[in-house]
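An overview of the molecular structure
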Amino acid sequence: MRAITEDFLRYELRSSQPEVYVIPQGKILTPAAREYLQQRKIRVEKEGGYSYTHQLKAPVQKAEEPAPEKEAPKKPEPTSRPHVVATEVPPPEEVEIPVQVTVPKPKYVDYETNAYYYEKPEHMTQLFGNKLVCKDHPRILFRGKLDALQADVVLAQAMIQVGGGSESLLGDLADILKDLREMMKCEVLDEEMKVDTIIGLTHEELRAQSHNPMKYYKIKQMVLPDYTMGTEYAMLNKLRTSIRETEVAACQAFHDGKKYIRTDIIEELNRLSSALHIMMCRHLAGWYSENGGNE
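Because the structure is a prediction, the values reported are computed rather than measured.

1. Description of the overall build of the chain
Along its length, the chain carries eight helices and 14 strands. Counting across all 295 residues of the chain, residues that qualify as buried make up 36%. Residue pairs at least 24 apart in sequence account for 61% of intrachain contacts in the chain once pairs closer than 6 positions are excluded.

Set out below in structure tokens:
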């Protein structure tokens, strides 16, 4: 069911004042639209068809009377004439002329209510195509978190490069950023995410190394950060927590009733969190140093 908004009525009735406004079948009036019709004292009725017309009345024009003809010679009147009754000629009747109302096609549609908009309201933004949602919609909040997360990765890369940090660390961060940008594209275009590896590890390898870093890096699982561990380690930990926040935003955005949609995105964020944990373990193990354990 689609809603008829106040903006739509203002445009449609901008040059007319009908006594009755007919709601086409399958449509409803928004509260603001109904109040607008009440203010203009226009009665509301429902009808079964989508197309409708306003009835305008116009009088029938009289046909021009023919010019009087020359009188013929009078004939002798009969001795007896029939009785003639004079009748009054009725005035011309009014006829109804249907006028089809044509309005331009709305440019935007409300994703939640199916209401029409000719211009995008300032408090709304495009979810996809011409579908609009409010800027505090969970999907938009998720996109904001994802955008901020990408900015954090770029900032970390810039700071590491200025400090003369490891090229292999910059490479792993570049792989994280590539994954996040692919996620943004797939969410906006409603495409499935298909990423086989992150920082050179398959999904199974990510799980194994994240759950048992002692086996792979001789590092205890989830070592609590401390300022003495250096700026790079602190930045990696900050990125890990930002990924966790984005994952929570994704769960809120893609929670549909009793199920979750876009589980591919939620799962990928969980893998990215594991990847950052592994990168922190690699950093403590000297894996990113010039002569680290990756050689």
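2. As for the sheet that holds strand S9 (residues 124-128)
Ordered by their spatial adjacency, four strands build an open sheet running S8-S7-S10-S9, and the pairing between neighbours is mixed. Unpaired on one side and paired on the other, strand S8 (116-117) and S9 mark the two borders of the sheet. Taken together, the two bridges between strand S7 (residues 108-110) and strand S10 (residues 131-134) define a ladder with parallel strand orientation. Within the sheet, the bridge partner assigned to Val 109 lies in S10 and is Lys 131. Of the strands in this sheet, S9 and S10 are in contact with helix H3 (residues 138-162), which crosses S9 at around 85°.

3. A few points about the confidence of the model for the chain
Here the chain averages 82 in pLDDT, and 78% of its residues register 70 or above. Low confidence marks residues 49-63, where pLDDT is under 50. Its contacts with residues over four positions away, or in another chain, come to 37 contacts. Scored below 50 in pLDDT, residues 291-295 shows eight contacts in the model against residues more than four places distant or in partner chains.

4. Describing the packing of helix H4 (residues 167-189) against helix H8 (residues 263-284)
Relative to each other, H4 and H8 sit at 170°, their axes nearing to 11 Å. Between H4 and H8, the angle falls in the class roughly antiparallel. Residues Leu 169, Asp 172, Leu 173, Ile 176, Asp 179, Leu 180, Met 183 and Glu 187 of H4 lie in contact with H8, whose contacting residues are Ile 265, Glu 268, Leu 269, Leu 272, Ala 275, Leu 276, Met 279 and Arg 282. Class assignment for the residues of the contact of H4 with H8 results in 11 nonpolar, no polar and five charged.

5. Describing the side chain of Glu 247
Here Glu 247 lies in helix H7 (residues 231-253). Taking the relative accessible area as the measure of exposure, Glu 247 reaches 12% and is therefore buried. In contact with Glu 247, other than residues within four places in its own chain, are Ile 266, Leu 269 and Asn 270.

6. Thoughts on the packing of aromatic side chains
Enumeration over the complete set of coordinates arrives at four aromatic pairs. Measuring from centroid to centroid gives 5.7 Å for Tyr 111 and Phe 128, while their planes differ by 80°, and the two rings are edge-to-face. Taken together, the positions of Tyr 111 in the loop between S7 and S8 and Phe 128 in strand S9 put the pair 17 residues apart, joining distant regions of the chain. Judged by centre distance (5.4 Å) and plane angle (70°), the ring pair of Phe 142 and Phe 254 falls under edge-to-face. With Phe 142 in helix H3 and Phe 254 in the loop between H7 and strand S13 (255-256), this residue pair connects regions lying 112 residues apart in the sequence. Of the two residues, Phe 142 and Phe 254, neither departs from the other in class, the shared state being buried. Lying across the ring of Trp 287, Arg 282 places its NZ or CZ 4.1 Å from the centre.

Conventions used here
Residues numbered from 1 in each chain as written. Predicted model: local features only at pLDDT ≥ 70, side-chain atom pairs only at ≥ 80, totals over all residues. Heavy atoms only, no water. Helix = DSSP H or I, 4+ residues; strand = E, 2+ residues; numbered from the N terminus. Buried < 20%, exposed > 50% of the residue type's maximum accessible area, 1.4 Å probe, protein only. Contact = heavy atoms within 4.5 Å. Pairing = 2+ DSSP bridges. Axes fitted to C-alpha atoms, helices over the stretch in contact; angles between N-to-C directions. pLDDT = per-residue confidence, 0-100. Parallel < 35°, antiparallel > 145°, perpendicular 65-115°, else oblique. Nonpolar A, V, L, I, M, F, W, Y, C, P; charged D, E, K, R; others polar. Phe/Tyr/Trp six-rings, centres within 6.5 Å; stacked < 30°, edge-to-face > 60°. Lys NZ or Arg CZ within 6 Å of the ring centre and 35° of its normal.

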